[in-house]
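Spelled out, the chains give:
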Amino acid sequence: MKFDTAAGQNPIDAQTVVGQPHPRIEGPLKVTGTAHYSYERQDAPSAPAYGYLVTAGFAKGRILEIDTRAARAAPGVIAVITRDEAGALQFPGGGTPDYLAGDRVQHYQQAIALVIAETFEQAREAAFLVKTRYEAEPGRYDLAAFAEGDWPKLGAETNEMVSKHAEEIGDVEAALAGADLRLEQRYSTSHETHAMMEPHATIAAWQDGKPTLWTSSQMVNWAQRALAKIFDLEPRDVRVVASYVGGGFGAKLAVQSDAVLAAIGARQIGRPVKLTLTRATIMNNTTHRSATQQRIRLGARRDGRLVAIGHEAISGNLPGGREEDAVSQTRLLYATDNLLTSMHMAHLDLPKASDMRAPGEAPGMMALEVAMDELADALQMDPVELRIVNDSQTVPAEPERPFSGRHLVECLRLGAERFGWSARDPQPGQRIEGDWLIGMGVAAGYRNNIQRQSAARVHLEPDGRITVECDMTDIGTGSYTVIAQTAAEMLGLRVEDVTVRLADSDFPVSVGSGGQWGGNNATAGVYAACVVLRRMICDRLDLPEPDTRFAEGQVSSGATSMPLSQAAAAGRMTAEDKIDYDKDLSERYQQATFAAHFVEAAVNRWTGEVRLRRMLAVCDAGRILNPVTARSQVIGAMTMGIGSALMEELAVDPGAGFFVNHDLAGYEVPVHADVPQQEVIFLDHPDDKSSPMKAKGIGELGLCGVGAAIANAVYNATGIRVRDYPLTLDKLIDHLPRP
Ligand code: MOS
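Calculation criteria
Residues numbered from 1 in each chain as written. Predicted model: local features only at pLDDT ≥ 70, side-chain atom pairs only at ≥ 80, totals over all residues. Heavy atoms only, no water. Axes fitted to C-alpha atoms, helices over the stretch in contact; angles between N-to-C directions. Helix = DSSP H or I, 4+ residues; strand = E, 2+ residues; numbered from the N terminus. Left-handed = near helix turned anticlockwise from the far one by under 90°. Contact = heavy atoms within 4.5 Å. Nonpolar A, V, L, I, M, F, W, Y, C, P; charged D, E, K, R; others polar. Phe/Tyr/Trp six-rings, centres within 6.5 Å; stacked < 30°, edge-to-face > 60°. Salt bridge = Lys/Arg side-chain N within 4 Å of Asp/Glu carboxyl O. Buried < 20%, exposed > 50% of the residue type's maximum accessible area, 1.4 Å probe, protein only. Pairing = 2+ DSSP bridges.

Caption draft 1: Here's a closer look at the packing of helix 8 (residues 361-379) against helix 15 (residues 706-718). Two numbers describe how helix 8 lies on helix 15: the axes approach to 8 Å, and their chain directions differ by 35 degrees. For the pair helix 8 and helix 15, the sense of crossing is right-handed. For the pair helix 8 and helix 15, contact is made by M365, M366, E369, V370, D373 and D377 and by G707, A708, A711, N712 and Y715, respectively. The class makeup of the residues in the contact of helix 8 with helix 15 is six nonpolar, two polar and three charged.

Caption draft 2: Looking closely at the packing of aromatic side chains. Within this structure, the stated rule accounts for 14 aromatic pairs. Pairing Y37 with Y244 gives two aromatic rings, centres 6.2 Å apart and planes at 50 degrees, and the pair type is tilted. Taken as a pair, Y37 in the loop between helix 1 (27-31) and strand 2 (49-55) and Y244 in the loop between strand 12 (239-241) and helix 6 (257-269) lie far apart in primary sequence, 207 residues in all. A ring pair is formed by F91 and Y99, whose centres lie 5.4 Å apart and whose planes are at 70 degrees; its orientation type is edge-to-face.

Caption draft 3: Summary view of the pattern of salt bridges. Applying the stated criterion across every chain yields a total of 53 salt bridges. With a shortest N-O distance of 2.8 Å, E374 and R723 are connected by a salt bridge. Of the two residues, E374 is situated in helix 8 and R723 in the segment after helix 15; the sequence distance between them amounts to 349 residues. Given a relative accessible area of 25%, R723 falls into the partly exposed group. The closest approach of N and O atoms between R457 and E469, which form a salt bridge, is 3.1 Å.

Caption draft 4: Inspection of the sheet that holds strand 23 (residues 498-501) at higher detail. Across the sheet, five strands lie side by side as 1-27-21-22-23; this open sheet has mixed pairing. Strands with a single pairing partner mark the edges of an open sheet, and in this sheet they are strand 1 (2-3) and strand 23. Running at roughly 140 degrees to strand 23, helix 11 (residues 479-491) makes contact with strand 22 (466-469) and strand 23 of the sheet. Against the sheet, helix 12 (residues 518-541) makes contact with strand 21 (454-460), strand 22 and strand 27 (573-581), and its axis sits at roughly 135 degrees relative to strand 27, the strand it touches most.

Caption draft 5: How the structure looks around the environment of A665. Tracing the backbone shows A665 in the loop between strand 31 (658-659) and strand 32 (677-682). Put simply, A665 and L375 are 290 residues apart on the chain and 38 Å apart in space, counted from C-alpha to C-alpha.

Caption draft 6: How the structure looks around unusual backbone geometry. Going from Y725 to P726, the amide bond is cis rather than trans, its omega being 10 degrees. One non-glycine residue, D208, lies in positive phi territory at about 50 degrees. On the secondary structure map, D208 appears in the loop between strand 10 (201-207) and strand 11 (210-215). By relative accessible area, which is 73% here, D208 ends up exposed. Within the chain, E552 stands out as a residue other than glycine whose phi angle is a positive 50 degrees. With respect to the element layout, E552 can be found in the loop between strand 24 (549-551) and strand 25 (554-557).

Caption draft 7: Spatial organisation of the sheet that holds strand 7 (residues 131-136). In spatial order, the strands read 5-3-7; together these three strands make up an open sheet with antiparallel pairing. In this open sheet, the two strands that pair with only one neighbour each are strand 5 (104-105) and strand 7. Two elements, strand 3 (residues 61-67) and strand 7, share six bridges in a ladder whose sense is antiparallel. Note that in strand 7 the partner of D67 across the bridge is K131.

Rendered as structure tokens:
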């Protein structure tokens, strides 16, 4: 199905099932331990051998020798595989380090060998017996050094730093010079790790030269294509299954060493291999979100209207990698005639930086929305009003290009009313309750909505049930449930009448889980397949399609009504289609999602300890397919925002070049005790340009801006403006107001 014009009225609008608060249909499997995650698949071949990684103990340099003799002689060891023994492999290169280093080591804990043994413990024991001789070289590990002194010139490049994006509309310098009020500040965010609950894990088996991987992946099709390339196979010869995934947050978009090395190992020994990365290996062996350095310049008139916005950022990565694009949303959020955005990427010899939930926007909104709070403060203007007067219904640099739907102002106004914003004292440090300083903060939230092709297959079974198949993943987000709701709505059934089979590369290629695009696009693909199936059913039953209704298990037209199952009485009926977006629509309309975040924070007036009290997010994300699963996405993202604002930081050892706090004891993420009352309000504005579902992304929106609302609440409580995140108590304690 081509989607090239705004959606008209369609069966989803009935919202009999879609839009209803249905609990997750795979929930019972998860709470009874019968949803099998990759490492414990019961349907994978039995008697697998166990793999364990040997990783580099230095960040950069050359391996002179890997001595595997002791490891090979250890009890239970089946094989020790280094790059020399791994056979021909075509790793992608560029910013992706080789999954199995040869003599060049690109980052600390890069895999250099795989030990395979009869048990996990034997493999681990033997891994510690592998001895390496190496020649380390000095590397660059400090991003902050690139932002010292003068800010890099627009588009300037050096050997150590490349320009990824540089754009200026109007004349920012001149507009700043003429502004009634100017603000220039620098901000920094930390390296972060995904810390999803389920570690990377794979079982791999080969048969007749073709591998099957049961692996924890967000993107089954990407994994299939990557593995095909690595082993020089046709994609169809690689099977990837990822039925249940215990979180990803971007860590599982691309295949990691667990999948690649399990497959290498299984091929080598002619036996299935299972391989998980230990928690302490994940932070340095896999990818992370790069730290950022940011400079923001704002110029405003007395009435708060922005006359200039400059947002420049630097992130780090291995050469050839991607930037953490912290400035992209700034081109889209606020109206101004003079706008400068630039993104530099510095060469660091740390592990590869890559996508983490809301890549770019998460750290970018952190800085931009604190800067807006600083501007409001300088203008003595309410920060909610400052955002409202600078709203833009069109893309600031392209006045003829409107947003398909933008209700940021409504988010802000409704949120202010519900949160009791009028009780906030604009003067910081005024509200004291015992040992606690109390403050409120606000920030806008912004994240793009992305349209991507997605296919699905639907079967009408002889008993009248529906089966849906596509390679979509459910990474804890509710994909199974919203897909079942979509098929149920389209065929006039209940959710219980639909079986959903996901995340197998044998099924049609869906959009996968990433970029908050999964929910809207995957269900739109199911919608497209259901449209075909409805037509086939009408043909079979000899009913005129336009007048036929599907409801309560019946197919009806005029006075004729018969059970849906009748259409498949002679055998299963199968339809397959995809949603295929015309570029024209996304070129004519900018698609995005919006939020307003409100936070009330308490800061201990003696210790600087920050305790959040209340959080509210008002979200504008098109039709909400399921308010229960959508709310879970938003409060999960808000919780992640607490982490990035107050605690999460991968600390770099500046000499050795690795992340020191590589476990969940040292890398702190919020626990339940850190999470206060959280409320989510969804605006009800279906977006007819987004898809036939009229839905948009929600999974990353909840993270964008929430950290800034926290920092702004801490400022309102204490009068202390921290611009270096996370905002830990050591950054407050020396500056707390003295009574
Ligand atoms: Mo998200 S970082 O695109 O999984």
